[in-house]
Amino acid sequence: MPQDVSLSKGRPLAVVAHNAYQSILQIWNLSTGIPVSTLNISKPATRVVLSPDGNRVAVIDAAGELEMWDVPGSKQIHSVHPGLPLFGDGNEFESLSFSPSGEYIASWAQGRFLNLWSAQSGTGTQVSFKSSRWAVHTAVFSADSKSILVGNGNHLSLWDVSKKRALGTFENFQGEKAGAVKAAAFSPDGKRLAMSLDLSHGSVWGIWDTGSGKLIRALPSSSTGSGYWRGYFVGLNDWIDFSPDGRTLIRNGYDDNTIEIWDSTSYSRIGVLRGHSDKISYAAFLADGIHAISASRDGTVRLWDVAACKELVVMSSFEKGREWISKTLDGYYASSLKGDGYLNVRLGGEVYSIDQWRTTFYKPQIIAQVLQIARSGTTSTIPEPLTSLGQPDM
């Protein structure tokens, strides 16, 4: 099962972390559906974030350290230990995010501090929230990387990244104190902010104006939640992402294993992506704005046609990432040497080993075609499903 997933918005790459006594980071090429490199981390990873250009991956390991890795060179660049005096409270890192420009990394721990790092040098500065008795629990960069949303306790504020000062605060949700921010995303023009919050009575979400900090629209949530403490302590987070043109939003319906599609101008739900069998752990638009990628506790990473509400490719790894498979709903697949050993074919009441159908279904070129269509943003025809299987190879 993937421990964490992150997408590079600038290149067709995604990183998937698989944990055991150490962590194996697979870098997947989303143009072919094939892993292109592997990074071996000495400790299990709790959080991974791929840089916008896909050349670096930031990792928080089980010891709470922040590591930066060079993807093409498969080597560690630098690491930062949370016990340094910079961190005040001396707590281990909990999460992090890359700025869209790739220049900064924001990290936060259990203390009342947000740390901004140079992604190149690993040197950092600290933004302190000593006025709050609550820990920092989220930090999200704006699309231009000039500002960052910081949530700590029931306080939500917008900060200037270069000047390290607050620009303003956000209005409480319908008169209530804001709970932990479970997910947040800036619109591409930076004028709006979508946020999902945990309040005392459950999960809610809405759209805010970033200039005034005012709530524009409160929206219904399919996630029942179980109150603020659920999101804060356990870390059961939602995911929200704007399409590159700002017209569409996707967010996970955490309790029902789905991803909702919303029109960001009419504030109406226009579709649902269904296919995962367990809770969503990641969801984001690809750069074309037509397709999205998601990950789940069901152990799969999936590519979607958002407009058609259609699943295109399911990517899975086995044996701690050593074996893998990418498969369409029609059964065409690409895999590692032993990856298709996890497949079989059911025909009527008979179940056959994939060995007897490999020549029919092993079609890496079809997987690549589907993914290349997704990357180009076109609606070219994908090969039709088989209507007759014929006879198995004997």
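The preceding data block contains the structure.
Our subject in this report is the structure included herewith. (Residues numbered from 1 in each chain as written. Predicted model: local features only at pLDDT ≥ 70, side-chain atom pairs only at ≥ 80, totals over all residues. Heavy atoms only, no water.)

1. Let's talk about the nonpolar core
Stage number 1. Counting residues in hydrophobic clusters, the biggest one holds 23 residues, and the most contacted among them are Leu7, Tyr282, Ile293, Val301 and Val313.
Stage number 2. For this core, the secondary structure elements donating two or more residues are strand 1 (4–8), strand 2 (13–19), strand 25 (280–285), strand 26 (291–296), strand 27 (300–305), strand 28 (310–318) and helix 3 (364–376).
Stage number 3. With four residues, helix 3 is the largest single contributor of residues to this core.
Stage number 4. When sequence neighbours within four positions are dropped, the list of residues in contact with Ile293 reads Leu7, Ala14, Leu30, Tyr282, Ala283, Ala284, Leu286, Val301 and Arg302. (Core = buried A, V, L, I, M, F, W, Y, C linked by side-chain atoms within 4.5 Å. Buried < 20%, exposed > 50% of the residue type's maximum accessible area, 1.4 Å probe, protein only. Helix = DSSP H or I, 4+ residues; strand = E, 2+ residues; numbered from the N terminus. Contact = heavy atoms within 4.5 Å.)

2. Some words on the packing of aromatic side chains
Stage number 1. Taken as a whole and assessed by the stated rule, the structure comprises seven aromatic pairs.
Stage number 2. An angle of 80° between the planes, with centres 5.7 Å apart, marks the rings of Trp28 and Trp324 as edge-to-face. One end of the pair, Trp28, is in strand 3 (residues 23–29); the other, Trp324, is in strand 29 (residues 323–327), with 296 residues separating them in the sequence. Residues Trp28 and Trp324 agree in their burial class; the two are buried.
Stage number 3. Seen in terms of ring centroids, Tyr352 and Trp357 are 6.0 Å apart; in terms of plane orientation they differ by 75°. Their pairing is edge-to-face.
Stage number 4. Accessibility expressed as a relative area gives 0% for Trp357, which makes it buried.
Stage number 5. In textbook terms, an aromatic cluster arises when at least three aromatic residues are bridged by ring pairs, as seen for Tyr352, Trp357 and Phe361. (Phe/Tyr/Trp six-rings, centres within 6.5 Å; stacked < 30°, edge-to-face > 60°.)

3. Here we look at unusual backbone geometry
Across the chain, the bulk of peptide bonds are trans and the bulk of non-glycine residues have phi less than zero.
Stage number 1. Phi is positive for Asn257, close to 65°, though the residue is something other than glycine.
Stage number 2. You can see Asn257 is positioned in the loop between strand 22 (248–253) and strand 23 (258–263).
Stage number 3. Of note, the phi angle at Tyr267 is positive, near 60°, even though the residue is not glycine.
Stage number 4. Take Tyr267: it is sitting in the loop between strand 23 and strand 24 (268–273).

4. A short note on the pattern of salt bridges
Stage number 1. For the structure shown, the criterion picks out seven salt bridges.
Stage number 2. Residue Arg269 is joined to Glu260 by a salt bridge in which the shortest nitrogen-to-oxygen separation is 3.5 Å.
Stage number 3. Judged by relative accessible area, which is 2%, Glu260 ranks as buried.
Stage number 4. The salt bridge involving Arg302 is made with Glu311; its shortest N-O contact spans 2.6 Å. Each of the two residues, Arg302 as well as Glu311, counts as buried. (Salt bridge = Lys/Arg side-chain N within 4 Å of Asp/Glu carboxyl O.)

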